[in-house]
Amino acid sequence: MSKADEVFDKVMKLPLRDLLILCSTAIDSKMDDKRLNALLLALETRLVKRRIMESLNIKTDEKS
């Protein structure tokens, strides 16, 4: 597993609220495009997963 994969896995385990804060901080600090795109992809993935689970009435343990 590459270092990038390890970091992505850790980011995906963050609570959604923390992931939102991390993304907004990265945008505000003008993080380089490659890293920012990875964070935004992680955020989008989590939000899509959450939307699907809610539409199927599956409870998540995620806190907003």
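Everything quoted here is computed from the prediction, not taken from an experiment. (Residues numbered from 1 in each chain as written. Predicted model: local features only at pLDDT ≥ 70, side-chain atom pairs only at ≥ 80, totals over all residues. Heavy atoms only, no water.)

Enquirer: Provide a residue-level description of the overall build of the protein, including the pertinent values.
Expert: A count of helices and strands for the protein gives three helices and zero strands. The N-to-C order of helical and strand elements in the protein reads α-α-α. Expressed as lengths along the three principal axes of its C-alpha atoms, the size of the protein is roughly 35 × 30 × 15 Å. For the protein, buried positions account for 19% of its 64 residues. Taking all contacts inside the protein whose residues are at least 6 apart in sequence as the whole, residues at least 24 apart take part in 50%. Summed over all atoms, the accessible surface of the protein reaches about 5,200 Å², with 58% contributed by carbon and sulfur. Charge separation in the protein, taken as the distance between the mean sites of 13 positive and 11 negative side-chain charges, equals 4 Å. (Helix = DSSP H or I, 4+ residues; strand = E, 2+ residues; numbered from the N terminus. Buried < 20%, exposed > 50% of the residue type's maximum accessible area, 1.4 Å probe, protein only. Contact = heavy atoms within 4.5 Å. Areas by Shrake-Rupley, 256 points an atom, 1.4 Å probe, with all protein chains shown as cover. Lys, Arg positive; Asp, Glu negative; His and termini not counted. Charge placed at Lys NZ, Arg CZ, Asp CG, Glu CD.)

Enquirer: I'd like a rundown of the side chain of R46, residues and numbers included.
Expert: In this fold, R46 is placed in helix α3 (residues 33-55). Residue classification places R46 among the buried positions, given a relative accessible area of 5%. Separated by 2.7 Å, the side chain of R46 and the backbone oxygen of L14 make a polar contact. (Polar contact = N/O pair within 3.5 Å; in protein donor to acceptor, adjacent residues only side chain to side chain.)

Enquirer: How would you explain the pattern of salt bridges if you had to name every residue and give the values?
Expert: For the structure on display, the rule yields two salt bridges. Between R35 and D32 there is a salt bridge; the shortest N-O distance is 3.8 Å. According to the relative accessible area criterion, R35 is exposed, its value standing at 56%. E54 is the partner of R50 in a salt bridge, and the nearest nitrogen-oxygen pair spans 3.5 Å. Residue R50 and its partner E54 are located together in helix α3, separated by four residues, close to a single helical turn. Since its relative accessible area comes to 47%, E54 is described here as partly exposed. (Salt bridge = Lys/Arg side-chain N within 4 Å of Asp/Glu carboxyl O.)

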